[in-house]
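# Structure at a glance
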Amino acid sequence: MKSFLATTTASRRRDAIDKAQDIIYDALERATARSRMALARKALAITPLCADAYCILAEEARSVEETRDLYARGVEAGELALGRKGFKEYAEHFWGFLETRPYMRARAGLAGALLKLGDEDAAIGHYRDMLKLNPGDNQGIRYVLMGCLLRRGDEAGLKELLAAYEDEGSAHWLYTRALLAFREGRVSENEVVRLVKDAWSANEHVPGILAGTASPVVSEGDYITVGGPDEATEYVAECGPAWRGTPGAVEWLTKIVATLPANDG
């Protein structure tokens with residue numbers, strides 16, 4: 001990659017990256033892994049700085065280690081393609097510009113692979129850096145980071161993350177706020193009930209799935225239904241161990257929601 005940088009001008013590099021990216025867009029429309037991989041390699045033959053090409057290859061890798069290594073190459077390619085100027089120019093607005101998205105996709109993939117390999121410290125570092133680059137968090141990185149911090153029992157880090165998105169109204173955020181309030185035991189009863197009501201309004205399926213009185217519902221597609229049982233299932237899969245590992249928390253939540261009316265619709 002560095003030799004490519006050394007032997008090409010900035011304008012030629014940008015032209016090559018744009019040409020390779022057009023091939024990637026074509027690859028993403030292909031139905032078979034074989035055709036996608038062939039086009040990814042074609043893109044890399046044009047320039048080794050095509051981060052999305054490594055992402056496509058990583059998705060078809062035969063091992064988690066190979067996935068990690070390919071995403072790592074994608075991150076390196078993205079960093080070199082953007083350069084210091086790009087990181088400075090797009091700071092805090094990554095994802096808002098098309099040029100930054102291949103890098104962000106590669107870095108999210110790398111962090112996910114590191115999680116699977118048990119290197120949670122490294123994954124958390126990537127997630128935190130990505131939120132600094134793009135506080136708007138179009139990729140939903142904050143939800144994955146929240147799950148990591150819950151599993152680790154890092155309540156200080158969790159409070160900091162929750163405060164950074166204090167207006168967040170998702171089930172993930174609201175139920176986790178309620179859990180923290182229960183753990184601390186310093187919040188007034190009225191405030192606790194309000195927190196649970198807010199969470200219940202966002203998704204009334206979470207308590208039942210947590211308690212095992214309702215069956216999980218896995219989303220059939222790539223999208224999660226906001227307020228639906230599939231969203232609740234995803235939350236419980238990610239954060240359920242933290243609830244169940246907090247003595248009395250699930251019973252406390254169940255008791256409060258039993259007094260609440262079902263949401264309209």
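First things first, this report covers the structure right here in the doc.

What counts, and where the lines are drawn
- Residues numbered from 1 in each chain as written.
- Predicted model: local features only at pLDDT ≥ 70, side-chain atom pairs only at ≥ 80, totals over all residues.
- Heavy atoms only, no water.
- Helix = DSSP H or I, 4+ residues; strand = E, 2+ residues; numbered from the N terminus.
- Contact = heavy atoms within 4.5 Å.
- Phe/Tyr/Trp six-rings, centres within 6.5 Å; stacked < 30°, edge-to-face > 60°.
- Buried < 20%, exposed > 50% of the residue type's maximum accessible area, 1.4 Å probe, protein only.
- Disulfide = S-S within 2.5 Å.
- Patch = residues over 30% accessible without salt bridge, like charges linked within 9 Å, V, L, I, M, F, W, Y side chains within 5 Å.
- Areas by Shrake-Rupley, 256 points an atom, 1.4 Å probe, with all protein chains shown as cover.
- Salt bridge = Lys/Arg side-chain N within 4 Å of Asp/Glu carboxyl O.
- Expected span 1.5 Å × (residues − 1).
- Core = buried A, V, L, I, M, F, W, Y, C linked by side-chain atoms within 4.5 Å.
- Axes fitted to C-alpha atoms, helices over the stretch in contact; angles between N-to-C directions.
- Parallel < 35°, antiparallel > 145°, perpendicular 65-115°, else oblique.
- Left-handed = near helix turned anticlockwise from the far one by under 90°.

## As for the side chain of Thr 100
Position of Thr 100 among the secondary structure elements: in the loop between helix 5 (64–89) and helix 6 (101–116). In contact with Thr 100, other than residues within four places in its own chain, are Leu 82, Tyr 90, Phe 94 and Trp 95.

## Here's the deal with the packing of aromatic side chains
Per the stated rule, a full pass over the model turns up nine aromatic pairs. Seen in terms of ring centroids, Phe 87 and Phe 94 are 5.3 Å apart; in terms of plane orientation they differ by 45 degrees. Their pairing is tilted. Judged by its relative accessible area of 21%, Phe 87 falls in the partly exposed class. Between Phe 94 and Tyr 103, the ring centres sit 6.1 Å apart and the planes meet at 65 degrees, which makes this aromatic pair edge-to-face. Grouping residues by exposure puts Phe 94 and Tyr 103 together as buried. Ring-pair connections join several aromatic residues into one group, and the members of that group are Phe 87, Tyr 90, Phe 94, Phe 97 and Tyr 103.

## Quick look at the state of the cysteines
Tallied over the full model, the rule gives zero disulfides. Note on Cys 50: no disulfide assigned, nearest cysteine sulfur contributed by Cys 55 at a separation of 8.8 Å. Left unpaired, Cys 148 is separated from the closest cysteine sulfur, that of Cys 239, by 9.9 Å.

## Focus on a nonpolar patch on the surface
A contiguous nonpolar patch, built from Tyr 25, Leu 28 and Leu 98 and spanning about 320 Å² of accessible area, is present on the exposed surface. Along the polypeptide, Leu 98 turns up in the loop between helix 5 and helix 6.

## A few points about helix 7 (residues 120–133)
An ideal rise of 1.5 Å per residue puts 20 Å on 14 residues; helix 7 measures up with 20 Å between its terminal C-alpha atoms. Buried residues of helix 7: Glu 120, Ala 123, Ile 124, His 126, Tyr 127, Met 130, Leu 131 and Leu 133, and no others. Close packing links the buried residues of helix 7 with helix 5, helix 6, helix 8 (141–152) and helix 9 (155–164).

## Some details on the nonpolar core
If you look at the biggest cluster of nonpolar residues, it comprises 82 residues, and the most contacted ones within it are Tyr 175 and Trp 243. Leaving out residues up to four positions away in the same chain, Tyr 175 has contacts with Ala 199, Trp 200, Asn 203, Glu 204, Val 206, Pro 207, Tyr 235, Trp 243 and Leu 253.

## Examining the packing of helix 8 against helix 13 (residues 229–244)
With their axes 8 Å apart at the nearest point, helix 8 and helix 13 run at an angle of 20 degrees to one another. Between helix 8 and helix 13, the angle falls in the class roughly parallel. For the pair helix 8 and helix 13, the crossing hand works out as left-handed. For the pair formed by helix 8 and helix 13, the contact residues are Val 144, Met 146, Gly 147, Cys 148, Leu 150 and Arg 151 on the first element and Tyr 235, Glu 238, Cys 239 and Ala 242 on the second.

## A closer look at the environment of Leu 162
By the element assignment, Leu 162 lies in helix 9. Given a relative accessible area of 4%, Leu 162 falls into the buried group. Taking the C-alpha atoms as reference points, Leu 162 and Glu 59, 103 residues apart in sequence, are found 31 Å from one another. Setting aside residues up to four positions removed in sequence, Leu 162 forms contacts with Met 146, Trp 173, Thr 176, Arg 177 and Leu 180.

## Let's talk about helix 8
Compared with the 16 Å implied by 1.5 Å per residue over twelve residues, the 17 Å span of helix 8 between its first and last C-alpha is a close match. Those residues of helix 8 lying buried are Ile 141, Arg 142, Leu 145, Met 146, Gly 147, Cys 148, Leu 149 and Leu 150. Of the surrounding secondary structure, the elements contacted by the buried residues of helix 8 are helix 6, helix 7, helix 9, helix 10 (171–184) and helix 13. Positive backbone phi, at 70 degrees, marks Gly 153, one or two positions downstream of helix 8.

## Here we look at the side chain of Arg 36
Tracing the chain through its elements places Arg 36 in helix 3 (residues 33–46). Relative accessible area serves as the criterion here: at 18%, Arg 36 is assigned to the buried category. When near neighbours in sequence (up to four residues on either side) are disregarded, Arg 36 contacts Ala 27, Arg 30, Ala 31, Ile 56 and Glu 60.

Coordinates in, geometry out; function isn't part of it.
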